[in-house]
Amino acid sequence: MSTPTTDTLSTPTPVLSFSPVVLSVPGRPVDLQLRVSAPATGTNLPVILLSHGHGPSHNLSSLNGYAPLANLWAAHGFVVIQPTHLTSRTLSHLVADAPGAPDFWRSRAEDMTHILDRLDVIEHTVPQLAGRIDPTKIALAGHSLGGFTAALLLGAGITDPDTGNLVHLADPRIKAGVLLAAPGRGGEAFNGPMAQQWPIIGAVDFSTMTTPALIVAGDKDDPRHFTDMGPDWHTDPYTLAPAPKTLLTLFDAEHGLGGIAGYDAAETTDENPDRVTALAHLTASYLHTQLHPGAPTWQTASEALLADPNPVGRTESK
């Protein structure tokens with residue numbers, strides 16, 4: 001049974017979730033721990049790497065977060081790999097004095113490269129997964145700070161605050177991405193009260209982010225702690241990056257996009273399970289088409305969104 005390339009996603013299947021998969025990485029202050037979620041059936045499965053954000057909850061910013069997305073993506077034929085980055089609150093007591101703290105901007109991106117370097121090890125560690133992954137079909141998704149990380153892996157440059165040099169951390173094995181409520185531009189617009197505390201957020205250059213990507217932004221996601229631009233700031237990865245890019249604007253969505261970080265999470269100011277389900281289906285459809293060129297999955301989903309009398313959002317592309 002192979003992943004289908006029809007105009008819709010596969011029928012959902014039961015999901016196997018396995019954690020932690022532990023990778024020892026030289027120089028990393030703690031081991032890299034992963035959760036792997038996969039459909040119980042299917043072969044030639046594409047992979048989504050999922051980079052967590054930095055929200056207020058202790059445990060959701062880790063391999064244990066984002067179950068509403070990971071479970072649905074896996075049920076529809078993707079292998080979802082979630083690392084616990086060094087920014088996770090679950091590690092704060094262990095890495096507070098480690099090189100790169102507290103931003104760990106380089107380490108977060110390198111975590112994903114380490115995962116891809118050892119995909120075969122991961123595949124053979126997770127029960128019933130060996131031989132079922134297609135290593136040529138790799139996608140990446142990230143929420144909030146995870147969207148910042150995803151931008152770097154998709155080709156965006158970043159000015160290293162320690163050296164002033166422009167750094168590129170793109171991984172060509174990643175064929176497509178999804179940025180969820182990601183940070184926007186720096187410069188004069190980066191003028192909020194948190195901008196001085198997190199200058200690295202404003203150090204990204206989207207002009208080289210060439211990998212195809214879907215940028216998801218909530219039209220009520222006000223980033224006033226970083227900028228006075230308003231919710232449009234979160235569309236910058238679409239506006240400032242070269243084509244091909246697609247923008248999905250979610251109506252009435254705030255930074256949690258309806259609650260993607262976890263089921264019933266207290267930090268979700270705009271809890272909306274229907275929005276989360278729709279977002280999970282739309283992102284899966286986009287990545288399915290990107291990883292199976294010619295499959296009309298995304299076109300079908302976009303047309304259904306356009307025809308919906310009460311749509312969750314709107315799309316545009318370039």
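What this report covers is the structure whose coordinates are included nearby. Quick caveat: nothing in here was measured; it's all calculated off a predicted structure. (Residues numbered from 1 in each chain as written. Predicted model: local features only at pLDDT ≥ 70, side-chain atom pairs only at ≥ 80, totals over all residues. Heavy atoms only, no water.)

## What about the overall build of the chain?
Across its full length, the chain carries eight helices and twelve strands. Computed over C-alpha atoms, the radius of gyration of the chain comes to 18 Å, within 12% of the 20 Å expected from 2.2 N^0.38 for 318 residues, which places it in the range of a compact globule. The principal-axis extent of the C-alpha atoms belonging to the chain is close to 50 × 50 × 35 Å. By element, 53% of the accessible surface of the chain is carried by carbon and sulfur atoms, the whole surface being about 12900 Å². Positive and negative charge centroids in the chain, built from 17 and 31 side chains respectively, lie 4 Å apart. (Helix = DSSP H or I, 4+ residues; strand = E, 2+ residues; numbered from the N terminus. Rg over C-alpha atoms; globule rule 2.2 N^0.38 Å. Areas by Shrake-Rupley, 256 points an atom, 1.4 Å probe, with all protein chains shown as cover. Lys, Arg positive; Asp, Glu negative; His and termini not counted. Charge placed at Lys NZ, Arg CZ, Asp CG, Glu CD.)

## What to know about empty space enclosed by the protein
This structure, assessed with the given rule, holds two cavities of 30 Å³ or more. In this structure, the second largest cavity spans a volume of roughly 40 Å³. Lining the second largest cavity are Gly-147, Phe-148, Ala-151, Leu-179, Ala-182, Pro-183, Gly-184, Ile-201, Val-204, Phe-206 and Pro-237. The element best represented in the lining of the second largest cavity is helix α5 (residues 145-153), accounting for three residues. Residues that form the lining of the second largest cavity fall into these classes: nine nonpolar, two polar and no charged. (1 Å grid on protein atoms, 1.4 Å probe; cavity = no way out; pocket = protein on both sides within 12 Å on 5 of 7 lines; lining within 4 Å. Points joined across faces, edges and corners; volume = space filled by probe spheres on them. Nonpolar A, V, L, I, M, F, W, Y, C, P; charged D, E, K, R; others polar.)

## Looking at the sheet that holds strand β10 (residues 213-218)
The strand order β1-β2-β4-β3-β5-β8-β10-β11-β12 describes an open sheet built from nine strands, whose pairing is mixed. Two strands lie at the open edges of the sheet, namely β1 (15-23) and β12 (313-317), each paired on one side alone. When the angles between neighbouring strand axes are averaged without regard to direction, this sheet yields 20°. Where strand β3 (residues 45-51) and strand β4 (residues 79-83) come together, three bridges link them in parallel fashion. In the strand pairing of β4, Val-47 is matched with Val-79. (Pairing = 2+ DSSP bridges. Axes fitted to C-alpha atoms, helices over the stretch in contact; angles between N-to-C directions.)

By themselves, these are just geometric observations and shouldn't be taken as functional.
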